[in-house]
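Take a look at the letters that make up each chain.
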Amino acid sequence: MIFRPEQVEQKGVIFNIQRYSVHDGPGIRTTVFMKGCPLRCSWCHNPEGLESRPEVVIYDGCIHCGRCELICPKCGMPLSAETNELKGIICCHCGACVPPCPTGSRRVIGREMTESDILQEIDKDRIFYEDSGGGVTFSGGEPLSQAEFVKAVLSRCRQEGIHTAVDTSGYGRQEDLLSLAEVTDLFLFDLKLMDDEKHKQYTGVSNRPILDNLSALAKVYRNIWLRVPIIPGITDDAENLDMISERVSELPSVQQVCLLPYHKTAAAKFKRMGLPYPLENIQQPNPETMESLRMQFVAKGLPVTIGG
Ligand code: SF4
Ligand code: SF4
Ligand code: SF4
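Residues numbered from 1 in each chain as written. Chains lettered and ligands numbered in written order. Predicted model: local features only at pLDDT ≥ 70, side-chain atom pairs only at ≥ 80, totals over all residues. Heavy atoms only, no water.

## What to know about the site of ligand 1
- Neighbouring ligand 1 are the residues Cys-37, Leu-39, Arg-40, Cys-41, Cys-44, His-45, Leu-50, Gly-141, Ser-169 and Lys-192.
- More than half of the atoms of ligand 1 fall within 2 Å of the grid points belonging to the largest pocket.
- Per-class residue counts for the shell around ligand 1 are five nonpolar, three polar and two charged. (Near = heavy atom within 4 Å. 1 Å grid on protein atoms, 1.4 Å probe; cavity = no way out; pocket = protein on both sides within 12 Å on 5 of 7 lines; lining within 4 Å. Sits in = over half its atoms within 2 Å of the grid points. Nonpolar A, V, L, I, M, F, W, Y, C, P; charged D, E, K, R; others polar.)

## Describing the packing of aromatic side chains
- Scanning the model with the defined rule gives four aromatic pairs in all.
- Plain terms: the ring middles of Tyr-20 and Phe-128 are 5.2 Å apart, the flat faces sit at 90° to each other, and that makes the pair edge-to-face. With Tyr-20 in strand β1 (residues 11-21) and Phe-128 in helix α3 (residues 126-132), this residue pair connects regions lying 108 residues apart in the sequence. (Phe/Tyr/Trp six-rings, centres within 6.5 Å; stacked < 30°, edge-to-face > 60°. Helix = DSSP H or I, 4+ residues; strand = E, 2+ residues; numbered from the N terminus.)

## Some thoughts on unusual backbone geometry
- The amide bond that connects Gly-140 to the next residue, Gly-141, takes the cis arrangement and shows omega of 15°.
- Take Gly-141: it is sitting in the loop between β6 (135-140) and α4 (147-159).
- Backbone geometry at Tyr-20 places phi at a positive 60°, although glycine is not the residue there.
- According to the relative accessible area criterion, Tyr-20 is partly exposed, its value standing at 45%.
- Here His-64, not a glycine, exhibits a phi torsion of approximately 55°, which is positive.
- Here His-64 shows up in the loop between β3 (55-58) and α1 (67-71). (Buried < 20%, exposed > 50% of the residue type's maximum accessible area, 1.4 Å probe, protein only.)

## Here's the deal with the pattern of salt bridges
- Tallying each qualifying case throughout the model produces 23 salt bridges.
- Of the charged contacts, one joins Arg-156 and Glu-9 as a salt bridge, the two residues approaching to 2.9 Å between their closest N and O atoms. Taken together, the positions of Arg-156 in helix α4 and Glu-9 in the segment before β1 put the pair 147 residues apart, joining distant regions of the chain.
- Assessed through its relative accessible area of 5%, Arg-156 is described here as buried.
- Judged by relative accessible area, which is 10%, Glu-9 ranks as buried.
- One salt bridge in this structure joins Asp-125 and Arg-19, with 2.7 Å as the shortest N-O distance. Remark: Arg-19 occurs in strand β1 and Asp-125 occurs in the loop between α2 (115-123) and α3; sequence separation between them is 106 residues. (Salt bridge = Lys/Arg side-chain N within 4 Å of Asp/Glu carboxyl O.)

## Observations regarding the sheet that holds strand β2 (residues 29-34)
- A sheet is described by the order of its strands in space; here nine strands give the open sequence β5-β1-β2-β6-β7-β8-β9-β10-β11, paired in mixed fashion. Looking at the sheet topology across the chains shown, the edges are occupied by β5 (111-114) and β11 (304-306). On average, each strand axis in the sheet is inclined to that of its neighbour by 30°, with strand direction left out of account.
- Pairing geometry for strand β9 (residues 224-230) and strand β10 (residues 254-261), over seven bridges, is parallel. What sits directly across from Leu-226, in β10, is Val-257.
- Strands in contact with α2 are β1, β2, β5 and β6; relative to β5, the strand with the most contacts, it is inclined by about 85°.
- Sheet strands touched by α4: β1, β2, β5, β6 and β7 (163-168). Its angle to β6, the strand with the most contacts, is close to 170°. (Pairing = 2+ DSSP bridges. Axes fitted to C-alpha atoms, helices over the stretch in contact; angles between N-to-C directions. Contact = heavy atoms within 4.5 Å.)

## Let's talk about the layout of surface pockets
- Size it by volume and the largest pocket reaches roughly 1,000 Å³.
- If you go around the largest pocket, you meet 43 residues; those closest to its centre are His-45, Asn-46, Arg-227, Leu-260 and His-263.
- Elements supplying a minimum of two residues to the lining of the largest pocket: β1, β6, β7, β9, β10 and α9 (266-272).
- Of the residues contributing to the lining of the largest pocket, the split by class is 19 nonpolar, 15 polar and nine charged. (Points joined across faces, edges and corners; volume = space filled by probe spheres on them.)

## Here we look at the packing of helix α5 (residues 174-181) against helix α7 (residues 208-220)
- The contact between α5 and α7 brings their axes to 10 Å, and the two run at 30°. Classified by the angle between their axes, α5 and α7 sit roughly parallel to one another. Judged by the sense of rotation from one axis to the other, the crossing of α5 with α7 is right-handed. Contacts between α5 and α7 involve Gln-174, Leu-177, Leu-178 and Ala-181 on the former and, on the latter, Asp-212, Asn-213, Ala-216, Leu-217 and Val-220.
- Within the contact of α5 with α7, the residues separate by chemical class into six nonpolar, two polar and one charged. (Parallel < 35°, antiparallel > 145°, perpendicular 65-115°, else oblique. Left-handed = near helix turned anticlockwise from the far one by under 90°.)

## Digging into the pairing of β3
- Residues Glu-55 and Val-57 of β3 are buried on one face, and the alternating residues Val-56 and Ile-58, pointing to the opposite face, are buried as well.
- Here β3 pairs with strand β4 (residues 106-109) via four bridges, running antiparallel. Within β4, the residue paired with Glu-55 across the bridge is Ile-109.

## Comments concerning α7
- Look at α7: 19 Å from first C-alpha to last across 13 residues, which is about the 18 Å you get at 1.5 Å a residue.
- When we look at burial in α7, the residues that qualify are Ile-210, Leu-211, Asn-213, Leu-214, Ala-216, Leu-217 and Ala-218.
- Contacts made by the buried residues of α7 are with α5, β8 (186-190), α6 (196-203), β9 and α8 (238-249). (Expected span 1.5 Å × (residues − 1).)

Below, the structure is given as structure tokens:
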């Protein structure tokens with residue numbers, strides 16, 4: 001793989017690079033998580049990807065040594081001894097309190113990386129792509145929020161013959177989406193709620209730009225997997241799923257519907273971010289429920305999987 005000098009490259013803000021991923025497209029993949037998302041889904045599984053800048057987060061293990069309180073130039077008193085959370089301060093995420101922490105409880109989530117930084121990580125896993133039919137997936141956060149950077153990296157992956165995928169909420173500038181389509185082999189496109197008022201209530205934004213973008217993409221692009229998060233009591237009612245399946249039947253570009261069962265693993269992440277978890281009382285759907293929802297799509301002749 002060709003690595004260019006840093007000065008001619010773009011930079012993006014990334015909060016994780018997940019190797020050996022099997023949930024973000026075909027085969028074994030490297031998933032690059034971009035920081036920054038315009039949505040605020042109540043069930044968000046990656047709250048560390050919401051803000052576009054790097055953030056200071058507090059993990060378990062604080063021994064209350066007080067070093068961070070001494071160092072913080074902003075607040076002087078950033079910790080709550082009881083909850084180990086930032087308390088009532090406007091933290092500017094300068095990161096000054098991170099190095100003195102002896103337990104690693106304070107960490108910075110997110111960092112700026114160049115195109116070559118990312119490509120070097122991707123290059124480590126090439127052998128797995130070749131054997132499994134995998135590749136690289138850009139996820140987030142929302143990749144459309146850093147579309148130019150994502151396109152630059154995906155173009156270079158394409159030149160190297162690496163399969164490329166983008167996992168998107170579909171919320172962003174249509175020209176960015178169509179531009180990314182030029183270098184993307186597969187779109188994993190989320191469709192959550194067809195009712196616009198409910199969409200606004202649970203994600204913070206209207207679904208109209210998302211539906212418009214999906215239609216525009218489907219006109220010029222052939223390989224879309226539509227991902228539907230199954231959130232009990234929010235997205236799993238018959239009316240919503242019927243409307244989604246109707247929309248899918250109108251779009252031959254949708255090769256597969258993926259039903260993604262809600263899971264509670266994000267609750268701990270919300271706590272670390274000092275954010276309230278909005279779905280505390282919602283239970284994960286059991287396998288029988290997921291299978292019955294899957295059969296609703298099968299009955300309409302649509303290709304559907306659980307997960308993926
Ligand atoms: S679109 Fe994805 S990253 Fe953005 S808030 Fe929703 S679940 Fe989280
Ligand atoms: S990141 Fe900066 S402002 Fe925030 S708690 Fe640490 S030292 Fe204070
Ligand atoms: S420096 Fe680390 S261990 Fe010490 S009080 Fe701060 S968070 Fe806790």
